[in-house]
Amino acid sequence: MQSFIGKFLKLESAGGITLLATSALALIFANSFLSPYYFELLNTPVVVQFGEQGIAKPFLLWVNDGLMAVFFVLVGLEVKREIVLGSLSSYQQAILPVLAALGGMVVPALVFTFFNFNDPVAMEGWAIPMATDIAFALGIMALLGKRVPLPLKIFLLALAIIDDLGAIIVIALFFAHGLSTEAMLGAGLSVIILIIMNRMRISALCAYLFVGMVLWICVLKSGVHATLAGVILGFTIPITAKDGSSPLESLEHALNPWSAFFILPIFAFANAGVPLGGVNLETLSGALPLGIMLGLLIGKPLGVFSFCFIAIKLKIAKLPLLVNLKHIFAVSVLCGIGFTMSMFLSGLAFENAGESINTLSRIGILLGSTISAVLGLVLLRASTNTSSAVAQKNI
């Protein structure tokens, strides 16, 4: 288990660096002579047709609804593994990251609301600063190498996974539009089949993936966001099959590199290309970008750290081994790196609100995430001093 976590953390860290590179490339494309080609690519229609039935979407939506559904399969697998076998498998292990994630969702939403409660259109984005980008956060941690205690990395991993679960619940409850009864029935039948296969502990991943594809199409057509199909599929993959193999582990190992080095970078490239022409201090001080930026930069660390601090002082939870409150505060600032998940929630919230509000939202995300990354790195470097490294070596 420890070996798997080590490999996973290294992969996510490397993925964070790839994300940074593709995001920078998107910004260059969107603000150079390549801009027309970049936006033409995003708006290129892609059609998949089977007889009279078909799905027609621009390339950008295929990335956000299709590729991200695959990413959410991985999220479902990770959440299930951590709940059953990992850092969320016991009350003592789970309570601190659960409370930290809860604070990190509630307080940023309140900060955003404080700035935008008078604007009903902007208020659609209340969930944007709730999310944490685990790949970026772990990528920043990786810059400090072995100075960062492994239990602190596991704490961040568990917190971010619960954070993702919270985002999934928000998507399910608040971003469903024009529900189709027929498609919902098809989705329900697909879920029942997946549950039966799980109970029978069938090991053939191709069978799960086929039913999962049908589920994705039904959910896409139903009005519920299609990425939820990925989460459901992830939850229904058995940890141990009848023949003793682990379909969950096999699929997780197969998807991890694709997620880190293909799916999320393409998502970042497609969504981080913000035209910066006309952006000035007046634009940046608007309620929407300010609410998102401060939600990530202040709301996230305030929520994560205060909930942890209170839980520890009330003896509801304990600090992990080799971890102190300075470490927790530094990590709480790193949690302000929303980026991919915040971009994803922004796309859902402002899907029909126009390009200008989408641009303002993404500027707020980029600013809040960038400042959180730099500040988090400085604080983490300061908190992981020589004495902590010596203590870790002695233990």
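Just so it is clear, the model here is predicted, and its values are computed rather than measured.

Even without being glycine, Lys315 reaches a positive phi, approximately 60°. Topologically, Lys315 is positioned in the loop between helix 12 (287-313) and helix 13 (325-334). Classification of Lys315 by relative accessible area gives exposed; the value is 75%. Even without a glycine there, the phi angle at Phe339 is positive, about 40°. Looking at where Phe339 falls in the secondary structure, it is placed in helix 14 (residues 339-349). Its relative accessible area of 4% is what places Phe339 among the buried residues.

With 113 residues, the main nonpolar core has Phe72 and Met141 as its most contacted residues. The element best represented in this core is helix 6 (residues 150-174), accounting for 13 residues. Beyond its immediate chain neighbours, meaning those up to four positions away, Phe72 contacts Ile168, Ile171, Thr227, Gly230, Val231, Met341 and Phe344.

Turning our eyes to something else, we now look at the environment of Ser332. Tracing the sequence through the fold places Ser332 in helix 13. Owing to a relative accessible area of 0%, Ser332 belongs among the buried residues under this scheme. Note: C-alpha distance between Ser332 and Pro301 (31 residues apart in sequence) is 4.3 Å. Apart from residues lying up to four places away in sequence, Ser332 is in contact with Lys300, Pro301, Val304 and Phe305.

What follows is about the packing of aromatic side chains. For the structure on display, the rule yields 13 aromatic pairs. Ring centres of Phe29 and Phe269 lie 5.4 Å apart, and the angle between their planes is 80°; this geometry places the pair in the edge-to-face category. You can see Phe29 sitting in helix 1 (residues 2-30) and its partner Phe269 sitting in helix 10 (residues 247-271), a full 240 residues away along the chain. On the accessibility criterion, Phe269 (19% relative accessible area) is buried. Relative to Phe262, the ring of Trp258 lies with its centre 5.6 Å away and its plane at 90°, an arrangement referred to as edge-to-face. Remark: Phe262 and Trp258 occur in helix 10; sequence separation between them is four residues, near one turn of the helix. Joined through ring pairs, the aromatic side chains of Phe29, Tyr38, Phe39 and Phe269 make up one cluster.

In this model, the protein chain carries a mean pLDDT of 85, and residues with pLDDT of at least 70 account for 91%. Per-residue pLDDT stays below 50 along residues 386-395; that stretch engages in eight contacts with residues further than four places along the chain or on separate chains.

Rules behind the numbers
Residues numbered from 1 in each chain as written. Predicted model: local features only at pLDDT ≥ 70, side-chain atom pairs only at ≥ 80, totals over all residues. Heavy atoms only, no water. Helix = DSSP H or I, 4+ residues; strand = E, 2+ residues; numbered from the N terminus. Buried < 20%, exposed > 50% of the residue type's maximum accessible area, 1.4 Å probe, protein only. Core = buried A, V, L, I, M, F, W, Y, C linked by side-chain atoms within 4.5 Å. Contact = heavy atoms within 4.5 Å. Phe/Tyr/Trp six-rings, centres within 6.5 Å; stacked < 30°, edge-to-face > 60°. pLDDT = per-residue confidence, 0-100.

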